[in-house]
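Fold and contact review
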Amino acid sequence: MMNDRDILKYSLADFGHNDNDDVLAPPQDFLTWIKDPRVAMAFQFFEQPMLAAPTPRTSLRTNLDGVTRQMINLTSYNYLGLSTHPEVVAAAKAALDTYGVGAAGAALLSGTFDQHELFAEELARFKQKDACVLFSSGLGGNMGAIQAILQRGDVLVIDDKCHKSLIDGAKLAGAKLVSFAHNDANSLDETLARHKGKRVLVAIEGVYSMDGDLADLPAVVEVCESHGVPIYLDEAHSTLLFGENGRGIGEHFGLEDKIGVSFGTLSKSFGGVGGFVCANENLVRYMKCYASPFQFSCALPPAIVAAMRKSLEVATRDSSLRDAMWENVHYFRKNLESLNLDLGESASQVIPIIIGSSGEHLIMMAMAAQQRGLFLQPIDFPAVEAHARRFRISVSSQLTKQDIDEACNIIEDVIARPLGRV
Amino acid sequence: MSKDQIIEVITRNLLENIDDLDQSAINPESSMRDYGANSLDIIEVVSCSMRELKIKVPRSELAEVQNISQLADKFLEYVNA
């Protein structure tokens, strides 16, 4: 079925269906593909162990040659550097002494501590909603919320570029899943018109994670209001970063009161792990009863929750951290633009460098970057379109101008020059 | 296998995945999107059709396909390979 000449044309998009009679074995052609040395080379970029904190200067044992290198880290989601902020770390340590390591139970029975209760109240107030439910992971939060809100016969309408957790939530709910063209209000309007009479929810993201562009929230709100359909807004990559008070894209556009459900993660700007969903009190109560990732998984460790409370406090008591991040975003962009690189429609701290359709070029460039001490992960099809393979920079407030200058020198040599941009 | 037979397979899977679609309305020179299919529907129609035809066309090859007829041409390359 798969000849040697074509092997590099295949991708993870091609092996999701398993036709092997042995239920404990992957598809035979998947094994042939993934064991091919050319494919295996690309997979070396996955699961490379970091030996230090995910700060702009970190230590990585690369899978390419087994060598441990000091790297400039442009890949971690530590946008505000809160995972290593002294006050956040101190809060975690103090809570560890008080509560120990684990929550030792699901939230409904024995996993809720005073820290969880306080943090949920603080997050609800921050997001200007009645109530909040905490989840042990961001993926679990999206999946669980959608599973609880929708059911068979309902429809989840998502932007084409929405995250897998929303797709999986619809599958778990048994709801029909339909998508509209990315950020296209006309496509959304047509899609909603086709599902008149059903219970429908529209889910979008504040910042799209592979492109770094923003939701066209004003247009989405206008269309949804005209159809009487509520909005679920995933602010995984925008909470603490956008809006005058850091509340996210809803605040940025002055449309928070138009958002029915506001979702966020604790693993990105917050520097920890977990997810949270804010909504009206009755809906939150209902979600707690029917969202499996809330009901049936162990609650977040109390020490993490205490640390995340401190992250929220540090990031919102003034704008210094997000101001520092935005200054870095502008400086980085200016440097990348002077290299004539294709940065797509990015308007956030997520900056793609789109290199085109060649997966082989992408991997060769990624290897060269890593050997030069730049931890900048390649993003290949099917995570992004086949004609727009890319690198993705996550800009952190912790980067210095020197880090950015050094990173741009490497990007110039290993990406811009081979592409003929300079 | 002929191109017409492949179009018949794709059309049947399209009808199974899209509500309220009339077979006589389907023109191979049109895109599945013209019949209300969204990108997730299209993935499902392509997957079902490939399984039925016992072929595996790399997904990365399908990005430039514009309509049902072009999809059938691409499938035909692999059916006869």
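Bear in mind that the values here come from a model prediction, so they are computed numbers and not experimental data.

Brief notes about the overall build of chain B
- Helix and strand counts for chain B stand at 3 helices and 0 strands.
- Listed by position from the N terminus, the elements making up chain B come as α-α-α.
- For chain B, the spread of C-alpha atoms along the three principal axes comes to 35 × 25 × 20 Å.
- Across chain B, the fraction of contacts at a sequence separation of at least 24, relative to all contacts at a separation of at least 6, is 53%.
- Here chain B has roughly 4,200 Å² of accessible surface; of this, 44% comes from carbon and sulfur atoms.

Things to note about the environment of A:Gly250
Residue and element names in this part refer to chain A.
- By secondary structure assignment, the location of Gly250 is in helix H10 (residues 249-252).
- Sequence separation between Gly250 and Leu217 is 33 residues, and the spatial gap between their C-alpha atoms is 7.8 Å.
- Setting aside its immediate chain neighbours within four residues, Gly250 contacts Leu217, Leu233, Glu235, Leu255 and Glu256.

Looking at the side chain of A:Arg390
Residues and elements named next belong to chain A.
- Along the chain, Arg390 turns up in strand E13 (residues 389-394).
- Arg390 gets classed as buried once you look at its relative accessible area, which sits at 1%.
- A distance of 3.1 Å separates a polar atom in the side chain of Arg390 from a polar atom in the side chain of Asp211.
- Non-local contacts of Arg390, meaning those with residues more than four positions away in its chain, are made with Met210, Asp211, Pro352, Ile353, Ile354, Ile355, Leu362, Gln377, Pro378, Ile379, Val384 and Glu385.

Points about the packing of helix H6 (residues 138-149) of chain A against helix H7 (residues 164-173) of chain A
Residue and element names in this part refer to chain A.
- Orientation of H6 relative to H7, taken along the N-to-C sense of each, is 35°, at an axis distance of 7 Å. For the crossing formed where H6 meets H7, the hand is right-handed. In this structure, H6 uses Leu139, Asn142, Met143, Ile146 and Gln147 to contact H7, whose residues at the interface are Ser165, Leu166, Asp168, Gly169, Ala170, Leu172 and Ala173.
- Residues belonging to the contact of H6 with H7 are distributed by class as follows: 7 nonpolar, 4 polar and 1 charged.

Let's talk about the interface of chain B and chain A
- Taken together, the 15 residues of chain B in the interface contact 19 residues of chain A.
- Taking both sides of the interface into account, the surface hidden between chain B and chain A amounts to around 1,500 Å²; carbon and sulfur atoms contribute 52%.
- Considering only the side of chain B, the residues that lose the most area to chain A are B:Leu40, B:Lys56 and B:Ser60, jointly responsible for 38% of the buried surface there.
- Put simply, chain B and chain A have 8 residue pairs in polar contact (both at pLDDT 80 or more) between them.
- Considering every element that reaches the side of chain B that touches chain A, the biggest residue donor is helix H2 (residues 39-53) of chain B, with 3 residues.
- Of the residues contributing to the side of chain B that touches chain A, the split by class is 5 nonpolar, 4 polar and 6 charged.

What to know about empty space enclosed by the protein
Residue and element names in this part refer to chain A.
- Per the stated rule, a full pass over the model turns up 2 cavities of 30 Å³ or more.
- Counted as a void, the largest cavity has a volume near 60 Å³.
- Every residue lining the largest cavity is listed: Lys127, Lys129, Leu233, Glu235, Arg247, Gly250, Glu256, Ile259 and Ser262.
- Considered as a void within the structure, the second largest cavity measures approximately 50 Å³ in volume.
- Every residue lining the second largest cavity is listed: Pro54, Thr55, Pro56, Asn73, Ser76, Asn78, Ser394 and Ser396.
- Looking at the lining of the second largest cavity, its residues break down into 2 nonpolar, 6 polar and no charged.

What counts and how
- Residues numbered from 1 in each chain as written.
- Chains lettered and ligands numbered in written order.
- Predicted model: local features only at pLDDT ≥ 70, side-chain atom pairs only at ≥ 80, totals over all residues.
- Heavy atoms only, no water.
- Helix = DSSP H or I, 4+ residues; strand = E, 2+ residues; numbered from the N terminus.
- Contact = heavy atoms within 4.5 Å.
- Areas by Shrake-Rupley, 256 points an atom, 1.4 Å probe, with all protein chains shown as cover.
- Buried < 20%, exposed > 50% of the residue type's maximum accessible area, 1.4 Å probe, protein only.
- Polar contact = N/O pair within 3.5 Å; in protein donor to acceptor, adjacent residues only side chain to side chain.
- Axes fitted to C-alpha atoms, helices over the stretch in contact; angles between N-to-C directions.
- Left-handed = near helix turned anticlockwise from the far one by under 90°.
- Nonpolar A, V, L, I, M, F, W, Y, C, P; charged D, E, K, R; others polar.
- Buried area = accessible area lost by both parts, 1.4 Å probe.
- 1 Å grid on protein atoms, 1.4 Å probe; cavity = no way out; pocket = protein on both sides within 12 Å on 5 of 7 lines; lining within 4 Å.
- Points joined across faces, edges and corners; volume = space filled by probe spheres on them.

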